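What follows is each chain in one-letter form.
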Amino acid sequence: MSDDTVVVWDERLLSYDFGDHPLDPVRVELTVALARELGVLGRPGVRLVEPKPADDELLTRVHDPAYLEAVRAAPQDPFFTGFGLGTPDNPVFPKMHEASALVTGATVAAAEAVWQGMARRAVNVAGGLHHAMPDRAAGFCVYNDPAVGIARLLDLGARRVAYVDVDVHHGDGVQQVFWDDPRVLTVSLHETPLALFPGTGFPDETGGAQAQGTAVNVPLPPGAEDAGWQRAFHAIVPSVLRAFAPEILVTQCGADAHRLDPLADLRLSVDGQRATYIALRALADELCEGRWVATGGGGYALVEVVPRAWTHLLAVATGEPLAPATLSPPAWRELAQIRRPGQEVPLRMTDEVNPSYESWQPSGEPNSVDRAIVAARKAVFPLLGLDPYDPRD
């Protein structure tokens, strides 16, 4: 296996553009620009790979043929509705199929590069569209690129794929696609569905009849902050991954759990997000011989958060993590001011927060985060042969 890292990138990925909409591709443009300016994309062993659009054979591994035809047809009809399209969340835009297929093809290219040994790790920051369902668009997502990427890994011979979703929203589409497939473990940490779209992701969602224990959900209370989020992550994710013993790790790294994100309320810092990426890489190194495929996802603080979070992701995937106190380059700050006039542009790659946490213990007076941890562990740990009350598990 090569020790290289593949970064799948082409400016055409910016064509996934709903127009005046929270999911603005400027966040991806500014991420790549920041990573370039900081030298992350020029590191030894980093290879930029240009994606090809996913064809119908790939897309129909997850999506219904009739839905693909609707995505193709919708831009030709100004009154089109149906299949989740033509809504405020998923407005129709020109060449929607082509743009969505390219994002999906980029994630598939990342998955192929890692599985076939061309790279140890691969990243598609434009991907992570985890809400799309087989027969409809949902939550700003037209095609479900993580699910298609995982399906491709299964077709290539993978027997155990772990998917970890750290977006603030539940990874419902990926969970749904692999609900009855014991070869795929889906793990999602997210803000409680009682407060946030899509209204799913409760602890008792543990997988279909033939795949019990392969869906893990950790719904967290609003205001969990870094200490609570990290406590929950480390109380659950390493244990379930070790029990499942995956051959490859796929992650959706949405940046919308940040405290500045306008659509959610978990209140993490960019320092906490950086710590999560480091933990995910360590788990891939421990369990999967380093095989790690990472995608972007949500994130709507377009200048203040997403570019820094995903540049940290790219740095962790390509080698040495960036020091939190690193200054953002003047040329990047100028570009950000041009692209988003009036937005505050961060000076450093840190929020000056220490993302430390206390390890979970099954004793004492539980707070709201601990109650979420216990609920998730009670629901799924016994199905994986783990003790929900033993902190060593």
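For the structure itself, consult the block above.
Cut-offs used in this document
Residues numbered from 1 in each chain as written. Predicted model: local features only at pLDDT ≥ 70, side-chain atom pairs only at ≥ 80, totals over all residues. Heavy atoms only, no water. Phe/Tyr/Trp six-rings, centres within 6.5 Å; stacked < 30°, edge-to-face > 60°. Helix = DSSP H or I, 4+ residues; strand = E, 2+ residues; numbered from the N terminus. Buried < 20%, exposed > 50% of the residue type's maximum accessible area, 1.4 Å probe, protein only. Lys NZ or Arg CZ within 6 Å of the ring centre and 35° of its normal. Contact = heavy atoms within 4.5 Å. Axes fitted to C-alpha atoms, helices over the stretch in contact; angles between N-to-C directions. Parallel < 35°, antiparallel > 145°, perpendicular 65-115°, else oblique. Nonpolar A, V, L, I, M, F, W, Y, C, P; charged D, E, K, R; others polar. Arc of directions from axis to C-beta.

S.K.: Can you tell me about the packing of aromatic side chains, naming the residues and giving the values?
M.R.: In this structure the tally under the stated criterion is seven aromatic pairs. Relative to Tyr143, the ring of Tyr67 lies with its centre 6.0 Å away and its plane at 90°, an arrangement referred to as edge-to-face. Of this pair, Tyr67 sits in helix 3 (residues 65–73) while Tyr143 sits in the loop between strand 3 (121–124) and helix 5 (145–155); the two residues are 76 residues apart in sequence, bridging distant segments of the chain. Residue Tyr143 is classed as buried on the basis of its relative accessible area of 0%. On the basis of an interplanar angle of 85° and a centroid distance of 5.6 Å, the ring pair of Phe140 and Tyr300 is categorised as edge-to-face. Residue Phe140 is located in the loop between strand 3 and helix 5, and its partner Tyr300 is located in the loop between strand 8 (292–295) and helix 9 (306–318); the two are separated by 160 residues in the primary sequence. Following the ring pairs from residue to residue traces out a cluster consisting of Tyr16, Phe18 and Phe93. Its guanidinium or amino end placed over the ring of Phe244, Arg160 lies 4.1 Å from that ring's centre, counting from NZ or CZ.

S.K.: Help me get a handle on the environment of Pro238, residues and values and all.
M.R.: Mapped onto the secondary structure, Pro238 falls in helix 7 (residues 225–244). For Pro238, a relative accessible area of 8% gives the class buried. Sequence separation of Pro238 and Asp393 is 155 residues, and the distance between their C-alpha atoms is 8.8 Å. For Pro238, the contacting residues outside a window of four places in its chain are Phe233 and Leu283.

S.K.: With reference to specific residues and values, describe the packing of helix 7 against helix 8 (residues 270–287).
M.R.: Between helix 7 and helix 8, the least distance of the axes is 11 Å, while the angle of their chain directions is 10°. Comparing the axis directions of helix 7 and helix 8 gives the class roughly parallel. Contact residues: helix 7 offers Asp226, Trp229, Gln230, Phe233, His234, Val237, Pro238, Leu241 and Arg242, while helix 8 offers Gly272, Ala275, Thr276, Ala279, Leu280, Leu283, Glu286 and Leu287. The residue makeup of the contact of helix 7 with helix 8, split by class, is 10 nonpolar, four polar and three charged.

S.K.: Provide a residue-level description of helix 3, including the pertinent values.
M.R.: Restricting attention to buried positions, one finds in helix 3 the residues Tyr67, Leu68, Ala70 and Val71. The buried side chains of helix 3 occupy one side of the element, clustering within an arc of 160° when seen end-on. Its buried side turned inward, helix 3 meets helix 2 (56–59) and helix 4 (96–115).

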